[in-house]
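# Analysis of the macromolecular model
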Amino acid sequence: MDVPLWLALLTVGYLGVKLIRPPWWLIAVLLLGGFLIADSVLAPVVNGFVK
């Protein structure tokens, strides 16, 4: 069974918000921070750390 990545991320995100109940400002900060880091000079460093 092949599941698209966007569907898997959407499901994990939805369950995480429903079960853990983080504050909405924390979700916004994490999403914005990830978006900004992905387009910066730190992207290769983060990529190497993750892998």
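### Examining the overall build of the protein chain
Looking only at helices and strands, one finds three helices and zero strands in the protein chain. Listing every helix and strand of the protein chain by position from the N terminus yields α-α-α. Here the C-alpha radius of gyration of the protein chain, 14 Å, is well above what a compact globule of 51 residues would show, namely 10 Å. Projected onto its principal axes, the C-alpha positions of the protein chain cover 35 × 35 × 15 Å. Residues classed as buried in the protein chain amount to 0% of the 51 residues present. Accessible area of the protein chain: about 5000 Å², with a carbon and sulfur share of 77%.

### Examining the layout of surface pockets
Volume-wise, the largest pocket comes out at about 170 Å³. Residues of the lining of the largest pocket, tallied by class, amount to five nonpolar, two polar and no charged.

### A few points about a nonpolar patch on the surface
Taken together, the side chains of Ile37, Val41, Leu42, Val45, Val46, Phe49 and Val50 make up a nonpolar region of the molecular surface, amounting to roughly 750 Å² of accessible area. In terms of residue count, the dominant contributor to the nonpolar patch is helix H3 (residues 43–50) (four residues). When its relative accessible area of 36% is taken as the criterion, isoleucine 37 is described as partly exposed.

### Some thoughts on unusual backbone geometry
Positive phi, close to 55°, is recorded for arginine 21, a residue that is not glycine. Its place among the elements puts arginine 21 in the loop between helix H1 (5–20) and helix H2 (24–38). Taking the relative accessible area as the measure of exposure, arginine 21 reaches 62% and is therefore exposed.

What counts, and at which threshold
- Residues numbered from 1 in each chain as written.
- Predicted model: local features only at pLDDT ≥ 70, side-chain atom pairs only at ≥ 80, totals over all residues.
- Heavy atoms only, no water.
- Helix = DSSP H or I, 4+ residues; strand = E, 2+ residues; numbered from the N terminus.
- Rg over C-alpha atoms; globule rule 2.2 N^0.38 Å.
- Buried < 20%, exposed > 50% of the residue type's maximum accessible area, 1.4 Å probe, protein only.
- Areas by Shrake-Rupley, 256 points an atom, 1.4 Å probe, with all protein chains shown as cover.
- 1 Å grid on protein atoms, 1.4 Å probe; cavity = no way out; pocket = protein on both sides within 12 Å on 5 of 7 lines; lining within 4 Å.
- Points joined across faces, edges and corners; volume = space filled by probe spheres on them.
- Nonpolar A, V, L, I, M, F, W, Y, C, P; charged D, E, K, R; others polar.
- Patch = residues over 30% accessible without salt bridge, like charges linked within 9 Å, V, L, I, M, F, W, Y side chains within 5 Å.
- Salt bridge = Lys/Arg side-chain N within 4 Å of Asp/Glu carboxyl O.

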